[in-house]
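So the chains spell out like this:
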Amino acid sequence: MNTIKKFAFAMAVSCSLAVTSSASFAQEKGTIGISLPTKTESRWMTDGQSMVAALKAKGYAADLQYADYDVPTQVNQIENMVTKGVKALVIAPIDGKTLSDVLQSASSRGIKIISYDRFITQTNKVDYYATFDNYQVGVLQAQSIVSAYEKSGAKKPWNIEIFAGSIDDNNAHKIYAGGMSVLKPYFDSGKFVLKSKQAAIEKVSVYRWDGATAQSRMDNLLSAFYSSARLDAVWAPNDAVAIGIISSLKGVGYGAPQQKMPIVTGQDAEIPNIKAIIRGDQTTTVFKDTRELASRTADIVVDSLTGKPVQVNDTKSYNNGVKIVPTYLVKPMLVDAGNWKEALVTRGRYYTEAQLK
Ligand code: BGC
(Lines give C-alpha, C1' and ligand atoms only; values in the text may rest on other atoms or scores of the structure.)
Protein backbone atom coordinates (compact mmCIF):
# COMPACT_ATOMS: atom_id res chain seq x y z
CA MET A 1 0.00 0.00 0.00
CA ASN A 2 1.50 3.39 -0.86
CA THR A 3 1.47 6.10 1.78
CA ILE A 4 -1.53 7.92 0.36
CA LYS A 5 -3.58 4.71 0.35
CA LYS A 6 -2.39 3.92 3.87
CA PHE A 7 -3.48 7.39 4.88
CA ALA A 8 -6.94 6.94 3.38
CA PHE A 9 -7.19 3.54 5.02
CA ALA A 10 -6.09 4.90 8.38
CA MET A 11 -8.73 7.59 8.02
CA ALA A 12 -11.42 5.05 7.41
CA VAL A 13 -10.34 2.88 10.31
CA SER A 14 -9.57 5.59 12.81
CA CYS A 15 -12.71 7.45 12.06
CA SER A 16 -15.01 6.39 14.82
CA LEU A 17 -17.37 9.08 13.69
CA ALA A 18 -19.25 7.24 11.00
CA VAL A 19 -22.38 9.23 10.36
CA THR A 20 -25.13 7.79 8.25
CA SER A 21 -26.42 10.05 5.56
CA SER A 22 -29.97 8.90 6.00
CA ALA A 23 -32.53 11.51 6.80
CA SER A 24 -34.69 11.37 9.85
CA PHE A 25 -37.79 13.47 9.64
CA ALA A 26 -39.04 12.49 13.07
CA GLN A 27 -38.11 15.67 14.93
CA GLU A 28 -41.05 18.00 15.27
CA LYS A 29 -39.32 21.30 14.51
CA GLY A 30 -38.32 20.17 11.02
CA THR A 31 -35.25 19.04 9.13
CA ILE A 32 -32.04 20.88 8.25
CA GLY A 33 -30.15 19.83 5.13
CA ILE A 34 -26.37 19.57 5.55
CA SER A 35 -24.23 19.21 2.44
CA LEU A 36 -20.52 18.51 2.93
CA PRO A 37 -17.87 17.99 0.25
CA THR A 38 -16.09 14.74 1.05
CA LYS A 39 -15.56 11.92 3.50
CA THR A 40 -11.88 11.51 2.63
CA GLU A 41 -10.72 13.80 5.45
CA SER A 42 -11.95 12.94 8.90
CA ARG A 43 -12.57 16.59 9.79
CA TRP A 44 -15.71 16.60 7.59
CA MET A 45 -16.97 13.52 9.41
CA THR A 46 -16.57 15.32 12.74
CA ASP A 47 -18.25 18.42 11.32
CA GLY A 48 -21.22 16.35 10.19
CA GLN A 49 -21.60 14.36 13.35
CA SER A 50 -21.28 17.43 15.60
CA MET A 51 -23.84 19.37 13.61
CA VAL A 52 -26.36 16.54 13.61
CA ALA A 53 -25.97 16.28 17.41
CA ALA A 54 -26.21 20.05 17.96
CA LEU A 55 -29.36 20.31 15.84
CA LYS A 56 -30.91 17.31 17.53
CA ALA A 57 -30.35 18.92 20.91
CA LYS A 58 -32.38 21.88 19.64
CA GLY A 59 -35.24 19.67 18.39
CA TYR A 60 -34.33 19.53 14.68
CA ALA A 61 -33.59 16.53 12.49
CA ALA A 62 -30.76 16.58 9.96
CA ASP A 63 -30.36 15.25 6.45
CA LEU A 64 -26.58 14.91 6.15
CA GLN A 65 -25.09 14.22 2.72
CA TYR A 66 -21.51 13.98 1.47
CA ALA A 67 -20.94 14.81 -2.20
CA ASP A 68 -17.83 12.76 -2.90
CA TYR A 69 -16.03 15.80 -4.34
CA ASP A 70 -18.39 15.85 -7.32
CA VAL A 71 -20.16 19.14 -8.06
CA PRO A 72 -23.21 17.64 -9.90
CA THR A 73 -23.68 15.22 -6.98
CA GLN A 74 -23.65 18.11 -4.53
CA VAL A 75 -26.17 20.09 -6.61
CA ASN A 76 -28.42 16.99 -6.84
CA GLN A 77 -28.26 16.33 -3.14
CA ILE A 78 -29.19 19.93 -2.36
CA GLU A 79 -32.05 19.84 -4.92
CA ASN A 80 -33.43 16.75 -3.17
CA MET A 81 -33.22 18.44 0.21
CA VAL A 82 -35.14 21.42 -1.18
CA THR A 83 -37.79 19.14 -2.65
CA LYS A 84 -38.16 17.30 0.65
CA GLY A 85 -38.87 20.61 2.38
CA VAL A 86 -35.90 21.27 4.64
CA LYS A 87 -36.14 24.45 6.70
CA ALA A 88 -32.53 25.49 6.22
CA LEU A 89 -29.47 24.42 4.27
CA VAL A 90 -25.95 24.29 5.70
CA ILE A 91 -23.52 23.92 2.83
CA ALA A 92 -19.74 23.57 2.53
CA PRO A 93 -19.41 23.91 -1.26
CA ILE A 94 -16.98 21.88 -3.32
CA ASP A 95 -16.74 24.80 -5.73
CA GLY A 96 -18.07 28.01 -4.20
CA LYS A 97 -19.35 29.42 -7.50
CA THR A 98 -21.53 26.55 -8.63
CA LEU A 99 -24.65 26.74 -6.49
CA SER A 100 -26.44 29.89 -7.68
CA ASP A 101 -29.36 28.12 -9.44
CA VAL A 102 -30.16 25.61 -6.75
CA LEU A 103 -29.92 28.29 -4.06
CA GLN A 104 -32.25 30.54 -6.05
CA SER A 105 -34.86 27.79 -5.91
CA ALA A 106 -34.22 27.12 -2.20
CA SER A 107 -34.49 30.77 -1.31
CA SER A 108 -37.75 31.20 -3.24
CA ARG A 109 -39.22 28.58 -0.86
CA GLY A 110 -38.08 30.54 2.19
CA ILE A 111 -35.25 28.14 3.08
CA LYS A 112 -32.44 29.77 5.11
CA ILE A 113 -29.01 29.28 3.58
CA ILE A 114 -25.84 29.09 5.64
CA SER A 115 -22.42 28.79 4.07
CA TYR A 116 -20.36 26.44 6.23
CA ASP A 117 -16.56 26.58 6.52
CA ARG A 118 -16.20 27.31 2.77
CA PHE A 119 -17.65 30.45 1.22
CA ILE A 120 -20.52 30.28 -1.27
CA THR A 121 -19.85 33.02 -3.82
CA GLN A 122 -21.60 34.77 -6.73
CA THR A 123 -25.13 34.63 -5.26
CA ASN A 124 -27.15 36.93 -3.03
CA LYS A 125 -29.01 33.96 -1.55
CA VAL A 126 -26.56 33.24 1.27
CA ASP A 127 -27.93 34.42 4.63
CA TYR A 128 -24.96 33.70 6.92
CA TYR A 129 -21.45 32.31 6.87
CA ALA A 130 -19.76 30.39 9.69
CA THR A 131 -16.09 29.54 9.33
CA PHE A 132 -12.67 29.60 10.88
CA ASP A 133 -10.44 32.59 10.40
CA ASN A 134 -8.70 31.20 7.33
CA TYR A 135 -6.40 34.20 6.85
CA GLN A 136 -5.16 33.50 10.36
CA VAL A 137 -4.66 29.82 9.48
CA GLY A 138 -2.20 30.94 6.78
CA VAL A 139 -0.52 33.37 9.18
CA LEU A 140 -0.03 30.61 11.77
CA GLN A 141 1.38 28.20 9.18
CA ALA A 142 3.85 30.76 7.85
CA GLN A 143 4.81 31.92 11.34
CA SER A 144 5.77 28.38 12.22
CA ILE A 145 8.27 28.42 9.33
CA VAL A 146 9.61 31.83 10.31
CA SER A 147 9.96 30.94 13.96
CA ALA A 148 11.83 27.70 13.13
CA TYR A 149 14.16 29.73 10.91
CA GLU A 150 14.78 32.36 13.59
CA LYS A 151 15.35 29.69 16.27
CA SER A 152 17.79 27.76 14.09
CA GLY A 153 20.12 30.76 14.00
CA ALA A 154 20.73 29.95 10.31
CA LYS A 155 23.54 31.95 8.76
CA LYS A 156 22.51 31.00 5.21
CA PRO A 157 19.16 31.67 3.50
CA TRP A 158 16.57 28.91 3.74
CA ASN A 159 15.14 27.19 0.69
CA ILE A 160 11.34 27.13 0.95
CA GLU A 161 8.65 25.70 -1.32
CA ILE A 162 5.00 26.68 -1.30
CA PHE A 163 1.82 24.68 -1.76
CA ALA A 164 -1.73 26.06 -1.64
CA GLY A 165 -5.18 24.51 -1.37
CA SER A 166 -7.72 23.92 -4.13
CA ILE A 167 -8.11 26.90 -6.44
CA ASP A 168 -11.94 26.60 -6.43
CA ASP A 169 -12.07 26.83 -2.61
CA ASN A 170 -12.17 30.39 -1.27
CA ASN A 171 -10.39 29.19 1.90
CA ALA A 172 -7.32 28.35 -0.17
CA HIS A 173 -7.07 31.99 -1.25
CA LYS A 174 -7.50 33.35 2.28
CA ILE A 175 -4.89 30.96 3.67
CA TYR A 176 -2.49 31.86 0.85
CA ALA A 177 -2.97 35.59 1.49
CA GLY A 178 -2.43 35.17 5.24
CA GLY A 179 0.70 33.08 4.83
CA MET A 180 2.17 35.31 2.14
CA SER A 181 1.75 38.36 4.37
CA VAL A 182 4.24 36.72 6.74
CA LEU A 183 6.60 35.12 4.19
CA LYS A 184 6.91 37.92 1.65
CA PRO A 185 9.29 40.09 3.70
CA TYR A 186 11.54 37.05 4.14
CA PHE A 187 11.56 36.35 0.39
CA ASP A 188 12.08 40.06 -0.35
CA SER A 189 15.05 40.31 2.01
CA GLY A 190 16.62 37.13 0.62
CA LYS A 191 16.36 35.23 3.93
CA PHE A 192 14.08 32.75 2.18
CA VAL A 193 14.71 31.53 -1.35
CA LEU A 194 12.12 29.94 -3.63
CA LYS A 195 14.30 27.91 -5.96
CA SER A 196 11.41 26.81 -8.16
CA LYS A 197 10.21 30.42 -8.46
CA GLN A 198 6.70 28.94 -8.30
CA ALA A 199 4.84 31.38 -6.07
CA ALA A 200 1.57 32.35 -7.78
CA ILE A 201 -1.43 30.55 -6.32
CA GLU A 202 -2.34 29.17 -9.77
CA LYS A 203 1.08 27.49 -9.90
CA VAL A 204 1.16 26.08 -6.39
CA SER A 205 -2.44 25.13 -5.70
CA VAL A 206 -3.32 21.47 -5.24
CA TYR A 207 -6.62 20.62 -6.89
CA ARG A 208 -9.15 19.31 -4.36
CA TRP A 209 -6.43 19.37 -1.69
CA ASP A 210 -5.39 15.92 -2.93
CA GLY A 211 -2.38 14.33 -1.20
CA ALA A 212 -1.34 12.25 -4.22
CA THR A 213 -1.32 15.36 -6.44
CA ALA A 214 0.82 17.14 -3.86
CA GLN A 215 3.16 14.18 -3.67
CA SER A 216 3.78 14.20 -7.39
CA ARG A 217 4.37 17.97 -7.49
CA MET A 218 6.84 17.60 -4.60
CA ASP A 219 8.59 14.74 -6.45
CA ASN A 220 8.99 17.02 -9.47
CA LEU A 221 10.29 19.94 -7.41
CA LEU A 222 12.79 17.74 -5.61
CA SER A 223 14.21 16.30 -8.77
CA ALA A 224 14.28 19.60 -10.66
CA PHE A 225 15.69 21.89 -7.95
CA TYR A 226 16.98 19.96 -4.97
CA SER A 227 19.20 17.16 -6.24
CA SER A 228 22.17 18.94 -4.70
CA ALA A 229 20.54 21.63 -2.53
CA ARG A 230 18.77 21.15 0.78
CA LEU A 231 15.08 22.01 1.10
CA ASP A 232 14.54 23.66 4.49
CA ALA A 233 10.79 24.17 4.71
CA VAL A 234 7.57 23.38 2.89
CA TRP A 235 4.42 25.40 3.43
CA ALA A 236 1.64 22.81 3.21
CA PRO A 237 -1.88 24.28 3.40
CA ASN A 238 -3.52 21.27 5.08
CA ASP A 239 -2.80 17.86 6.49
CA ALA A 240 -3.86 15.84 3.43
CA VAL A 241 -1.38 17.81 1.31
CA ALA A 242 1.28 17.49 4.04
CA ILE A 243 0.99 13.68 3.98
CA GLY A 244 1.75 13.65 0.24
CA ILE A 245 4.68 16.03 0.71
CA ILE A 246 6.15 14.04 3.60
CA SER A 247 5.93 10.87 1.60
CA SER A 248 7.78 12.46 -1.29
CA LEU A 249 10.47 13.91 1.02
CA LYS A 250 11.04 10.52 2.62
CA GLY A 251 11.31 8.99 -0.82
CA VAL A 252 14.50 10.98 -1.48
CA GLY A 253 16.03 10.39 1.94
CA TYR A 254 14.80 13.21 4.16
CA GLY A 255 13.98 12.11 7.69
CA ALA A 256 17.24 10.17 8.12
CA PRO A 257 19.75 11.17 10.86
CA GLN A 258 22.10 12.82 8.35
CA GLN A 259 19.29 14.53 6.39
CA LYS A 260 16.67 15.84 8.75
CA MET A 261 13.14 16.62 7.61
CA PRO A 262 12.40 20.12 6.41
CA ILE A 263 9.83 22.11 8.39
CA VAL A 264 6.41 20.95 7.15
CA THR A 265 3.18 22.72 8.10
CA GLY A 266 -0.43 21.53 7.92
CA GLN A 267 -4.01 22.14 8.96
CA ASP A 268 -6.86 20.13 10.53
CA ALA A 269 -5.03 18.15 13.23
CA GLU A 270 -5.87 14.87 11.48
CA ILE A 271 -4.79 11.76 13.40
CA PRO A 272 -2.10 10.58 10.92
CA ASN A 273 -0.61 14.08 11.03
CA ILE A 274 -0.51 14.30 14.82
CA LYS A 275 1.28 10.97 14.72
CA ALA A 276 3.66 12.48 12.14
CA ILE A 277 4.27 15.43 14.47
CA ILE A 278 4.99 13.06 17.36
CA ARG A 279 7.44 11.12 15.11
CA GLY A 280 9.07 14.35 13.94
CA ASP A 281 8.04 14.08 10.27
CA GLN A 282 5.68 17.07 10.36
CA THR A 283 6.37 20.24 12.33
CA THR A 284 3.00 21.91 12.91
CA THR A 285 -0.66 21.66 12.10
CA VAL A 286 -3.52 24.06 12.72
CA PHE A 287 -6.25 22.76 15.00
CA LYS A 288 -9.72 24.00 14.13
CA ASP A 289 -12.28 22.80 16.62
CA THR A 290 -15.02 21.66 14.26
CA ARG A 291 -17.26 20.88 17.24
CA GLU A 292 -17.33 24.58 18.04
CA LEU A 293 -17.97 25.59 14.43
CA ALA A 294 -20.81 23.06 14.22
CA SER A 295 -22.40 24.27 17.42
CA ARG A 296 -22.13 27.96 16.39
CA THR A 297 -23.71 27.02 13.08
CA ALA A 298 -26.58 25.20 14.77
CA ASP A 299 -27.19 28.39 16.80
CA ILE A 300 -27.22 30.47 13.60
CA VAL A 301 -29.64 28.06 11.93
CA VAL A 302 -32.07 27.96 14.83
CA ASP A 303 -31.88 31.68 15.70
CA SER A 304 -32.47 32.66 12.09
CA LEU A 305 -35.44 30.30 11.83
CA THR A 306 -37.00 31.48 15.07
CA GLY A 307 -36.41 35.19 14.49
CA LYS A 308 -33.90 35.61 17.35
CA PRO A 309 -30.85 37.86 16.94
CA VAL A 310 -28.15 35.89 15.14
CA GLN A 311 -24.65 35.99 16.68
CA VAL A 312 -21.99 37.02 14.16
CA ASN A 313 -18.61 38.66 14.73
CA ASP A 314 -17.74 39.98 11.26
CA THR A 315 -20.13 42.06 9.20
CA LYS A 316 -17.57 43.65 6.87
CA SER A 317 -15.01 41.28 5.40
CA TYR A 318 -16.89 38.51 3.61
CA ASN A 319 -17.95 39.88 0.26
CA ASN A 320 -19.01 36.97 -1.94
CA GLY A 321 -18.94 39.00 -5.13
CA VAL A 322 -22.60 39.97 -4.81
CA LYS A 323 -23.14 40.81 -1.14
CA ILE A 324 -21.39 41.05 2.20
CA VAL A 325 -22.42 38.00 4.20
CA PRO A 326 -22.67 38.32 8.00
CA THR A 327 -20.10 35.89 9.35
CA TYR A 328 -19.11 34.10 12.54
CA LEU A 329 -15.37 33.42 12.68
CA VAL A 330 -13.92 30.78 15.00
CA LYS A 331 -10.25 31.03 16.03
CA PRO A 332 -7.72 28.46 14.81
CA MET A 333 -4.81 27.29 16.97
CA LEU A 334 -1.28 26.19 16.09
CA VAL A 335 -0.34 22.69 17.28
CA ASP A 336 3.18 21.27 17.41
CA ALA A 337 5.25 18.68 19.28
CA GLY A 338 5.16 20.87 22.38
CA ASN A 339 1.41 21.35 22.82
CA TRP A 340 -0.48 18.59 20.97
CA LYS A 341 -1.25 16.67 24.14
CA GLU A 342 -2.73 19.62 25.97
CA ALA A 343 -4.50 21.09 22.93
CA LEU A 344 -6.04 17.87 21.63
CA VAL A 345 -6.17 15.44 24.53
CA THR A 346 -6.12 16.79 28.06
CA ARG A 347 -7.76 20.17 27.56
CA GLY A 348 -9.19 19.90 24.03
CA ARG A 349 -10.65 16.40 24.44
CA TYR A 350 -10.73 16.09 20.67
CA TYR A 351 -8.87 12.77 20.69
CA THR A 352 -7.92 10.22 23.30
CA GLU A 353 -4.23 9.62 23.74
CA ALA A 354 -4.72 6.02 22.57
CA GLN A 355 -5.93 7.25 19.17
CA LEU A 356 -2.62 9.05 18.68
CA LYS A 357 -0.36 6.11 19.57
C1 BGC B 1 -11.03 23.39 4.87
C2 BGC B 1 -9.85 22.63 5.41
C3 BGC B 1 -9.71 21.31 4.67
C4 BGC B 1 -9.77 21.52 3.16
C5 BGC B 1 -9.81 20.22 2.42
C6 BGC B 1 -10.90 23.56 3.37
O7 BGC B 1 -11.95 24.28 2.86
O8 BGC B 1 -11.15 24.65 5.52
O9 BGC B 1 -10.03 22.39 6.79
O10 BGC B 1 -8.50 20.71 4.98
O11 BGC B 1 -10.89 22.27 2.80
O12 BGC B 1 -10.95 19.49 2.75
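Residues numbered from 1 in each chain as written. Predicted model: local features only at pLDDT ≥ 70, side-chain atom pairs only at ≥ 80, totals over all residues. Heavy atoms only, no water.

Draft legend 1. The side chain of Lys288, seen in detail. Along the polypeptide, Lys288 turns up in the loop between β10 (284-287) and α11 (290-306). No salt bridge is formed by the buried Lys288. Its closest oppositely charged neighbour is Asp268, at 4.0 Å. A polar contact is formed between the side chain of Lys288 and the side chain of Gln267, at a distance of 2.5 Å. Discounting residues that sit within four places of it in the chain, Lys288 has contacts with Arg43, Asp117, Phe132, Asn134, Val137, Gln267, Asp268, Pro332 and Tyr350. (Helix = DSSP H or I, 4+ residues; strand = E, 2+ residues; numbered from the N terminus. Buried < 20%, exposed > 50% of the residue type's maximum accessible area, 1.4 Å probe, protein only. Lys, Arg positive; Asp, Glu negative; His and termini not counted. Salt bridge = Lys/Arg side-chain N within 4 Å of Asp/Glu carboxyl O. Polar contact = N/O pair within 3.5 Å; in protein donor to acceptor, adjacent residues only side chain to side chain. Contact = heavy atoms within 4.5 Å.)

Draft legend 2. Inspection of the packing of helix α9 (residues 239-251) against helix α10 (residues 271-279) at higher detail. Closest axis-to-axis distance for the α9/α10 pair is 9 Å, and the angle between their directions is 50°. Put simply, α9 runs oblique to α10. Handedness of the crossing formed by α9 with α10: left-handed. Two secondary-structure elements touch here, α9 through Asp239, Ala242, Ile243 and Ile246 and α10 through Pro272, Asn273 and Ala276. (Axes fitted to C-alpha atoms, helices over the stretch in contact; angles between N-to-C directions. Parallel < 35°, antiparallel > 145°, perpendicular 65-115°, else oblique. Left-handed = near helix turned anticlockwise from the far one by under 90°.)

Draft legend 3. Region of interest: the domain arrangement of the protein. One can read the domain layout of the protein as domain 1 (26-126 + 289-331) and domain 2 (134-288). Here the C-alpha centroids of domain 1 and domain 2 sit 31 Å apart. Taken together, the contacts link 17 residues of domain 1 with 14 residues of domain 2. Carbon and sulfur atoms make up 39% of the surface buried where domain 1 meets domain 2, a total of about 1300 Å² over both sides. If you look at where domain 1 meets domain 2, you find 1 salt bridge. Between Asp169 and Arg118 there is a salt bridge, with the nearest N and O atoms lying 2.9 Å from each other. In this structure, the connection of domain 1 to domain 2 is made through 6 residue pairs in polar contact (both at pLDDT 80 or more). For the side of domain 1 that touches domain 2, the class distribution of residues is 5 nonpolar, 4 polar and 8 charged. (Domains from an automatic or database assignment. Buried area = accessible area lost by both parts, 1.4 Å probe. Nonpolar A, V, L, I, M, F, W, Y, C, P; charged D, E, K, R; others polar.)

Draft legend 4. Inspection of the pairing of strand β5 (residues 128-132) at higher detail. With respect to burial, β5 is a largely interior element, 5 of its 5 residues being buried. Burial along β5 is two-sided: Tyr128, Ala130 and Phe132 facing one way and Tyr129 and Thr131 facing the other are all buried. As paired elements, strand β4 (residues 112-116) and β5 share 3 bridges and run parallel to each other. In the strand pairing of β5, Tyr116 is matched with Ala130. Pairing geometry for β5 and strand β11 (residues 327-330), over 4 bridges, is parallel. Looking across to β11, one finds that Phe132 is bridged to Val330. (Pairing = 2+ DSSP bridges.)

Draft legend 5. Spatial organisation of the packing of helix α3 (residues 71-84) against helix α4 (residues 100-108). At a minimum axis separation of 10 Å, α3 and α4 run at an interaxial angle of 10°. Relative to α4, α3 is oriented roughly parallel. Listed contacts from α4 to Val75, Ile78, Glu79 and Val82 of α3 are Val102, Ser105 and Ala106. In terms of residue class, the contact of α3 with α4 is made up of 5 nonpolar, 1 polar and 1 charged.

Draft legend 6. Main features of the nonpolar core. Within the largest apolar cluster, 72 residues are counted, with the highest numbers of intra-cluster contacts made by Leu89, Phe163, Phe192, Ile245 and Leu249. Formed jointly, this core draws a minimum of three residues from each of two domains, domain 1 (26-126 + 289-331) and domain 2 (134-288). Apart from the residues within four sequence positions on either side, Phe192 is in contact with Ile145, Val146, Tyr149, Trp158, Ile160, Leu183, Tyr186 and Phe187. Listed in part, the 29 residues of the second largest apolar core include Leu55, Ala92, Val301 and Val310. (Core = buried A, V, L, I, M, F, W, Y, C linked by side-chain atoms within 4.5 Å.)

Draft legend 7. The arrangement of the packing of aromatic side chains in detail. In this structure the tally under the stated criterion is 12 aromatic pairs. Their ring planes at 90° and their centres at 5.6 Å tell us that Phe119 and Tyr318 sit as a pair that is edge-to-face. You can see Phe119 sitting in the loop between β4 and β5 and its partner Tyr318 sitting in the loop between α11 and β11, a full 199 residues away along the chain. Neither Phe119 nor Tyr318 differs from the other in exposure class; each is buried. Both rings, one in Phe287 and one in Tyr350, keep their centres 4.8 Å apart while their planes meet at 70°; by these two values the pair is edge-to-face. Taken together, the residues span a long stretch of sequence, with Phe287 in strand β10 and Tyr350 in the segment after α12 (340-346) at a distance of 63 residues. In this structure an aromatic cluster arises from ring pairing among Tyr149, Trp158, Tyr186, Phe187 and Phe192. Cation over ring: Arg43 sits above Trp44, and NZ or CZ is 4.0 Å from the ring centre. Cation over ring: Lys174 sits above Tyr318, and NZ or CZ is 4.6 Å from the ring centre. (Phe/Tyr/Trp six-rings, centres within 6.5 Å; stacked < 30°, edge-to-face > 60°. Lys NZ or Arg CZ within 6 Å of the ring centre and 35° of its normal.)

Draft legend 8. Summary view of the site of the ligand. Near the ligand there are 13 residues, and of these Glu41, Arg43, Arg118, Asp169 and Asp268 occur at the shortest range. In the environment of the ligand, an oxygen atom lies 2.8 Å from a nitrogen or oxygen atom belonging to the side chain of Glu41. The separation between an oxygen atom of the ligand and a polar side-chain atom of Arg118 is 2.7 Å. Across the shell around the ligand, the residue classes tally to 3 nonpolar, 3 polar and 7 charged. Inspection of the shell around the ligand shows a minimum of three residues originating in each of domain 1 (26-126 + 289-331) and domain 2 (134-288). (Near = heavy atom within 4 Å.)

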